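# A structural walkthrough
As a plain string of letters, each chain reads:
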Amino acid sequence: MTTSPLKLIKSFFFIAAVFLTSVTIAQDGTIYPLEAPDEPEAIPLKTGGVENQPASETWFKQWGDPMARNITEATLTPFLPNPEKANGTAVIVTPGGGFMWLSMGNEGWEVAEALAEKGIAAFVLKYRLQPTAESLDDFTAFMNRPRTPPSETTNSADKTTPPSPPQRDLSNQLEDAEAAYAMIIDRADEWGVDINRIGMIGFSAGAGLTMHATLHSKTMKLAFIGPIYGGMGPVDVPKDAPPMFNAIATDDFLFRGQFGVIESWYKAGIPVELHLYQNGGHGFGLGNPDRTSNRWFDSFMYWLEVNKFLEAADMKKSK
């Protein structure tokens, strides 16, 4: 049986229409249900569950990105470089999502793959989250609720500094980060990691967790940190705090004209580098079309290179 050219043309346009429709659906801001993907490389950290969590882990898609919520079991997924490229440096990658969901693709797997391409052993931390509604419809309604913009401070003597947001209880998340760090130390030989060159990079809430671990962990000795579009308020810097690479865009709602964390690092005498971009918004991951923030990863790699984190490690000296 033969197929006429006209039928072939009609079939082509039908397939193209279906494809374009799926791309449009994938790239808009609507929340869609998503079947939980296989994570064969994910290693359970066995840090416990989440109190008052009636729902099980579920996934959804928004802006084309797979996201997980109601995470009650923390895992660590290694993205190891080609042994010929490996330089011994390791990075714990912490995605964001307001501690209610995790942007696993945009701020997790994609970043880890890019790091591995540069010879860095990357580890995506899927940390425990605060409970959200079991129903996706209820969760969507919560996400789409009207939001009141933050009010201007009128009673503060220093009107240039916006008020700090209320502090979250991040004990579960810190425990997960510490367990991830301990696992990398324990399996350093297997994974080709120099234990003196383990850093942490996070996005949005993941940047907050990166900072929280830096400021409060008693067991993690990070070699460097990279909070990307995280909070910019001032902090009390530990004496042994690591060098910081920081990137954020001026049109990010978390920026608000603040440089407090940069000033804190500078006054503590610890190396710090800030990349403030004209545009990029919030949640740009490795980059969005036509934004100046798209080059941050290249700058981060150069910063690591200048600070000698991309040189091949002498693994004998690291033990």
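### A few points about the overall build of the protein chain
Within the protein chain, the regular secondary structure consists of eight helices and twelve strands. Residues classed as buried in the protein chain amount to 45% of the 319 residues present. For the protein chain, the proportion of contacts with a sequence separation of at least 24, taken over those separated by at least 6, is 75%. Element-wise, carbon and sulfur atoms account for 55% of the exposed surface of the protein chain, whose accessible area totals about 17,200 Å².

### Things to note about the nonpolar core
A general feature of soluble globular proteins is that nonpolar side chains tend to end up buried together. Counting 75 residues, the largest nonpolar core has V93, L115, L125, V193, I228, W296 and F300 as its most contacted members. In terms of residue count, the dominant contributor to this core is helix α4 (residues 171–186) (seven residues). Ignoring anything within four residues of it in the chain, the contact list for I228 reads I201, G202, F203, S204, A207, F245, A247, F284 and W296. Counting eight residues, the second-largest nonpolar core is a separate cluster that includes M67, W101, L136 and F139.

### Some details on the confidence of the model for the protein chain
Mean pLDDT over the protein chain works out to 87, with 83% of the residues at or above the 70 mark. A low-confidence stretch, residues 1–26 (pLDDT under 50), is modelled with four contacts involving residues beyond four sequence positions or located in other chains. Considering only residues more than four positions removed or in separate chains, one finds that residues 151–163, a stretch of pLDDT under 50, has seven contacts.

### Some thoughts on the side chain of R69
You can see R69 is positioned in strand β4 (residues 65–69). One buried charged side chain, R69, makes no salt bridge at all; its nearest oppositely charged neighbour is D138, positioned 8.3 Å away. Within polar-contact distance, the side chain of R69 engages the backbone oxygen of A133 at 2.4 Å. Other than its neighbours up to four places away in sequence, R69 contacts E57, T58, F60, M100, W101, L129, T132, A133, E134, S135, L136 and F139.

### A short note on the sheet that holds strand β3 (residues 58–62)
Strand order in the open sheet formed by four strands is β1-β3-β4-β7, and the pairing between neighbours is antiparallel. If you trace the sheet from one side to the other, it starts and ends with β1 (32–34) and β7 (101–103), each paired once. The sheet shows a mean angle of 35° between the axes of neighbouring strands, direction not considered. Sheet topology places β3 next to β4; five bridges connect them, and they run antiparallel. Residue K61 lies in a different strand from β4, and its bridge partner there is P66.

### Quick notes on the packing of aromatic side chains
Within the structure shown, the criterion is met by 17 aromatic pairs. When the ring of W59 is compared with that of W109, the centres are 5.9 Å apart and the planes differ by 20°; the resulting orientation is stacked. Taken together, the residues span a long stretch of sequence, with W59 in strand β3 and W109 in helix α2 (residues 105–117) at a distance of 50 residues. Judged by relative accessible area, W59 falls into the buried class, the value being 4%. Summarising the aromatic geometry, the rings of F203 and Y229 are spaced 5.7 Å apart at their centres and angled 55° between planes, so their arrangement reads as tilted. In this pair, F203 sits in strand β9 (residues 198–203) while Y229 sits in the loop between β10 (225–228) and β11 (244–249), placing the two residues 26 residues apart along the sequence. Across this residue pair, the class does not change: F203 and Y229 are buried.

### Some details on the pattern of salt bridges
On inspection of all chains with the given rule, the structure shows nine salt bridges. One salt bridge in this structure joins D176 and R128, with 3.0 Å as the shortest N-O distance. A residue pair is termed long-range when its members are at least 10 positions apart, and D176 in helix α4 and R128 in the loop between β8 (121–126) and α3 (136–143) qualify at 48 residues. Notably, a salt bridge pairs D240 with K221, separated by 3.9 Å at the nearest N-O pair.

### Quick notes on the environment of M232
Along the chain, M232 turns up in the loop between β10 and β11. A residue is classified by how much of its surface remains accessible, and M232, at 1% relative accessible area, is buried. Counting along the chain gives 28 residues from M232 to G260, while the straight-line C-alpha distance between them is 5.7 Å. Here M232 is in contact with N246, I248, L254, F255, Q258, F259, G260, V261, I262 and L274, once residues within four sequence places are set aside.

Analysis parameters
- Residues numbered from 1 in each chain as written.
- Predicted model: local features only at pLDDT ≥ 70, side-chain atom pairs only at ≥ 80, totals over all residues.
- Heavy atoms only, no water.
- Helix = DSSP H or I, 4+ residues; strand = E, 2+ residues; numbered from the N terminus.
- Buried < 20%, exposed > 50% of the residue type's maximum accessible area, 1.4 Å probe, protein only.
- Contact = heavy atoms within 4.5 Å.
- Areas by Shrake-Rupley, 256 points an atom, 1.4 Å probe, with all protein chains shown as cover.
- Core = buried A, V, L, I, M, F, W, Y, C linked by side-chain atoms within 4.5 Å.
- pLDDT = per-residue confidence, 0-100.
- Lys, Arg positive; Asp, Glu negative; His and termini not counted.
- Salt bridge = Lys/Arg side-chain N within 4 Å of Asp/Glu carboxyl O.
- Polar contact = N/O pair within 3.5 Å; in protein donor to acceptor, adjacent residues only side chain to side chain.
- Pairing = 2+ DSSP bridges.
- Axes fitted to C-alpha atoms, helices over the stretch in contact; angles between N-to-C directions.
- Phe/Tyr/Trp six-rings, centres within 6.5 Å; stacked < 30°, edge-to-face > 60°.

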